[in-house]
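Structural description and commentary
Listed below, chain by chain, are the residues.
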Amino acid sequence: MKLLDSLSQFRSTMRSDESFALFVKVAAAVARGETPQNPIARTISDIDLDTLIATSQRLLSEAPSERFAAIMDYVDALILGASNHGPDVWIRKGACLQLTKLIGDAPQVRFSFGMSLRPCMTFLASKRDQGTTATAEFCSPNTDECDFASDLAAIADLESHLTIVQAMPWDDHTTRKDAIEVILPPFGLDVSKYETLPQSLLSFLDLDERQSVRLNCETASISNALQRTLNRVIISTSDGELFRMVGTEKVARRNLIDSGRLKAVMAVPSGMMFANTGIKTNLVVIDPADKKADTVRLVDLGHATVTQKGRRGRLEVADDADWRALLDSQGSEDPTLVRDVDLDKVMANNTVLVPVRYLNSGARDRIDALLAKSDVAALEDIVELIRPVTISEDEEGEYTLFEAAPGDVNKRGFIAEPRREISVSRPKYNKAFNQQLRPGDVLLSIKGNVGITALAPDDVPKEGESVIWTSGQSMMILRPKQRIHVSSLALFEYLSNATVREHLQSIAGGTAIQTLAMKDIKSLPIPVPDDKTLADVEAGFAERQKLFDQIDALEHAVAKTRNQSWPHKVLFEGG
């Protein structure tokens with residue numbers, strides 16, 4: 001049965017997702033033997049209500065498996081449509097099927113939060129169709145999500161297999177021995193003020209006063225699962241949860257590593273799993289409590305061998321992909337797809353668990369080969385690391401700041417005159433003194449478009465002038481220490497290399513905006529060239545500048561020749 005055709009007549013009066021929500025309520029009432037009342041569908045007429053009832057009856061005349069498939073297909077059509085309207089709690093079909101494979105043959109599964117609803121229903125429906133007995137619990141603090149789950153279960157004839165609990169997962173203080181748990185928490189939700197957070201969970205995170213610290217739902221879910229679930233756990237997290245160096249996230253990662261239960265972290269490309277967010281996500285797989293390991297499997301689910309291009313260029317799960325096989329196989333010949341990493345190495349990397357940091361090994365290996373043949377120093381030992389602060393504009397400021405950004409780097413590698421111009425008073429001018437650009441400064445973008453590197457030109461405005469150049473917060477100023485005498489040019493040449501930039505991007509983290517952590521910047525190993533190599537660097541850079549001069553001259557000649565012919569000769573300004 002094609003619900004898309006049956007419900008299309010409501011497009012003139014309401015959005016597709018609205019008509020679907022009303023249909024689910026009506027169909028659930030019919031499935032339970034109740035008489036749907038107009039208040040259920042209060043936004044439509046009695047005639048439209050009768051149409052929804054008739055559509056529901058046609059759907060319910062099908063086998064339960066056909067009903068479920070029709071509903072899933074309809075919602076997928078909503079999500080894939082131009083308007084992208086669909087339920088807020090929904091993950092894409094390919095990811096849902098792979099997630100249920102990760103669950104395996106478990107007879108009991110607990111699904112937490114709204115995004116786990118589709119895997120929950122898919123798991124129960126598949127087990128029923130296979131003739132296997134299985135039960136599930138759907139847990140959410142949201143009333144609408146619980147009602148939606150109840151209605152879908154009624155339509156798909158799954159009510160006897162499903163228990164619905166309106167609560168946070170940690171409200172249940174019992175220890176779950178047999179049930180597998182699937183947790184897809186809302187990203188970034190601060191639960192620190194949630195009154196029922198158990199003291200044991202807070203103590204597990206070294207928290208005494210919950211009001212004074214941020215605690216997001218992902219962190220609380222990981223910690224609660226480690227304490228309460230003895231079987232396998234699958235949790236979806238943002239990159240920030242696996243990267244952030246301050247707050248409770250790092251404590252939770254340390255607890256997870258110390259437990260020995262961390263089985264895998266599987267990186268999921270943006271848009272592949274969740275239909276309503278572009279945030280890159282990860283699936284953290286926690287093994288049963290009786291299993292211990294000293295390695296973690298890292299998997300790139302965005303790898304070309306397991307993905308295919310979908311609509312609008314978005315990556316989708318390839319038809320022949322098998323996430324379960326990637327999780328349980330003996331390994332892979334391709335270390336950019338699957339790699340088992342010692343937990344000691346993760347600890348040495350500040351407990352960062354973002355897979356790309358360890359899977360992008362090609363750049364790291366090439367850099368290591370160079371470092372092995374060079375004198376090496378940590379970046380913080382050879383430069384001052386100056387992190388610019390925000391300086392706001394004054395309406396009648398007597399000084400002018402030109403604030404450099406990655407977009408101001410020209411093709412020669414220098415900062416061109418910055419496009420952002422602000423007027424400031426004397427106090428703010430003084431505040432900008434330390435982040436004023438000076439000849440010899442190297443700038444490195446550490447936020448957003450990570451890894452762009454530039455040199456401050458020799459003719460940058462000098463100290464004390466009424467107009468100066470500074471740097472914005474997306475870039476860090478690397479100012480060579482005078483007592484070290486490191487070459488700014490050599491530092492620029494190294495950091496601007498494509499392999500080095502690839503490595504910098506691989507170690508960046510963040511939920512929405514990629515950012516290099518200060519610890520990683522400080523400890524970044526820098527090869528220090530000898531005098532002969534430095535002379536070669538300077539000669540090569542000078543030769544490039546001559547070539548750029550020739551390119552500029554040729555571009556000027558091309559423009560001049562073009563402007564001598566019609567219609568350019570007539571339309572040329574000043575011609």
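Here goes a summary of the coordinates provided. Just so it is clear, the model here is predicted, and its values are computed rather than measured. (Residues numbered from 1 in each chain as written. Predicted model: local features only at pLDDT ≥ 70, side-chain atom pairs only at ≥ 80, totals over all residues. Heavy atoms only, no water.)

**What to know about the overall build of the protein**
We count it as follows: Numbering of helices and strands starts at the N terminus; helices are DSSP runs of H or I of at least 4 residues and strands are runs of E of at least 2. Using a 1.4 Å probe on the protein chains alone, a residue whose accessible area is under 20% of its type maximum counts as buried, one over 50% counts as exposed, and one in between counts as partly exposed. Contacts between residues were defined by any pair of non-hydrogen atoms, one from each residue, lying within 4.5 Å. For accessible areas, the Shrake-Rupley method is used with a probe of radius 1.4 Å. Any residue's cover is judged against the shown protein chains and nothing else. We count Lys and Arg on the positive side and Asp and Glu on the negative side, and we leave His and both chain ends out. Charge coordinates come from a single atom per side chain, which is NZ of Lys, CZ of Arg, CG of Asp or CD of Glu.
Within the protein, the regular secondary structure consists of 21 helices and 20 strands. Along the three orthogonal principal directions, the C-alpha set of the protein runs to about 85 × 70 × 50 Å. Looking at the protein as a whole, 50% of its 575 residues qualify as buried. Across the protein, contacts joining residues at least 24 apart in sequence account for 74% of those joining residues at least 6 apart. Of the accessible surface of the protein, which amounts to about 26,800 Å², a share of 50% is contributed by carbon and sulfur atoms. Charge centroids of the protein, computed over 66 positive and 81 negative side chains, lie 2 Å from each other.

**Some details on the environment of threonine 390**
Where we set the bar: For this analysis, a polar contact is any N or O atom pair within 3.5 Å, provided that within protein one partner can donate a hydrogen and the other can accept it, and provided that sequence-adjacent residues contribute only side-chain to side-chain pairs.
Secondary-structure assignment places threonine 390 in the loop between strand E13 (383-386) and strand E14 (399-404). Expressed as a C-alpha distance, the spacing of threonine 390 and lysine 431, which sit 41 residues apart in the sequence, is 9.8 Å. Threonine 390 has contacts with Lys431 and Gln473, leaving out every residue within four places of it along the chain. Separated by 2.6 Å, the side chains of threonine 390 and glutamine 473 make a polar contact.

**So, unusual backbone geometry**
Residues tryptophan 566 and proline 567 are joined by a peptide bond in cis, for which omega reads -5°. Its location among the elements puts proline 567 in the loop between helix H20 (531-562) and helix H21 (568-571). With phi around 80°, phenylalanine 113 is a residue other than glycine that occupies positive phi space. For aspartate 157, which is not a glycine, the phi torsion comes out positive at approximately 60°. Judged by its relative accessible area of 46%, aspartate 157 falls in the partly exposed class.

**Focus on a nonpolar patch on the surface**
The following threshold applies: Residues enter patches when their relative accessible area tops 30% and they take part in no salt bridge; the joining distance is 9 Å for like charges and 5 Å for the nonpolar side chains Val, Leu, Ile, Met, Phe, Trp and Tyr. A pairing counts as a salt bridge when a side-chain nitrogen of Lys or Arg comes within 4 Å of a carboxyl oxygen of Asp or Glu.
Nonpolar side chains collect at one region of the surface, where Trp566, Val570 and Leu571 lie side by side and expose about 440 Å² of accessible area between them. By secondary structure assignment, the location of valine 570 is in helix H21.

**Brief notes about a negative patch on the surface**
Negative charge collects at one region of the surface, where Glu393, Glu395, Glu396, Glu417 and Glu421 lie side by side. Structurally, glutamate 417 can be placed in the loop between E14 and strand E15 (420-424). When its relative accessible area of 53% is taken as the criterion, glutamate 417 is described as exposed.

**Topic: helix H10 (residues 248-259)**
For an α-helix, the turn length of 3.6 residues means that residues three or four places apart are oriented alike. Defined as follows: Expected helix span is taken as 1.5 Å per residue step, with the number of steps being one fewer than the number of residues.
Here H10 contains twelve residues, and its C-alpha end-to-end distance of 16 Å stays within 8% of the 16 Å for a straight helix at 1.5 Å per residue. Restricting attention to buried positions, one finds in H10 the residues Thr248, Glu249, Ala252, Arg253, Asn255, Leu256, Ile257 and Ser259.

**With respect to the environment of valine 346**
Tracing the chain through its elements places valine 346 in helix H12 (residues 343-348). Of the residues examined, valine 346 reaches a relative accessible area of 0% and is grouped as buried. Sequence separation between valine 346 and proline 457 is 111 residues; the distance between their C-alpha atoms is 40 Å. Every residue in contact with valine 346, bar those within four places of it in the chain, is listed here: Ile257, Val296, Val341, Thr351, Val352, Leu353 and Tyr358.

**Thoughts on the packing of helix H17 (residues 488-495) against H20**
Keep this limit in mind: To get an axis, fit a line to the C-alpha atoms, keeping to the stretch in contact for a helix; angles then go from 0 to 180 degrees between the N-to-C directions. Here the angle decides the label: under 35 degrees means roughly parallel, over 145 means roughly antiparallel, 65 to 115 means roughly perpendicular, and every other value means oblique. Amino acids are sorted into nonpolar (Ala, Val, Leu, Ile, Met, Phe, Trp, Tyr, Cys and Pro), charged (Asp, Glu, Lys and Arg) and polar (every other residue, Gly among them).
Running from amino to carboxyl end, H17 crosses H20 at an angle of 75°, the nearest separation of the two axes being 10 Å. As judged from the angle between their axes, H17 and H20 are roughly perpendicular. Residue-level contacts link Leu489, Ala490, Phe492 and Glu493 of H17 to Leu534, Val537, Glu538, Phe541 and Arg544 of H20. Looking at the contact of H17 with H20 residue by residue, the class counts come to six nonpolar, no polar and three charged.

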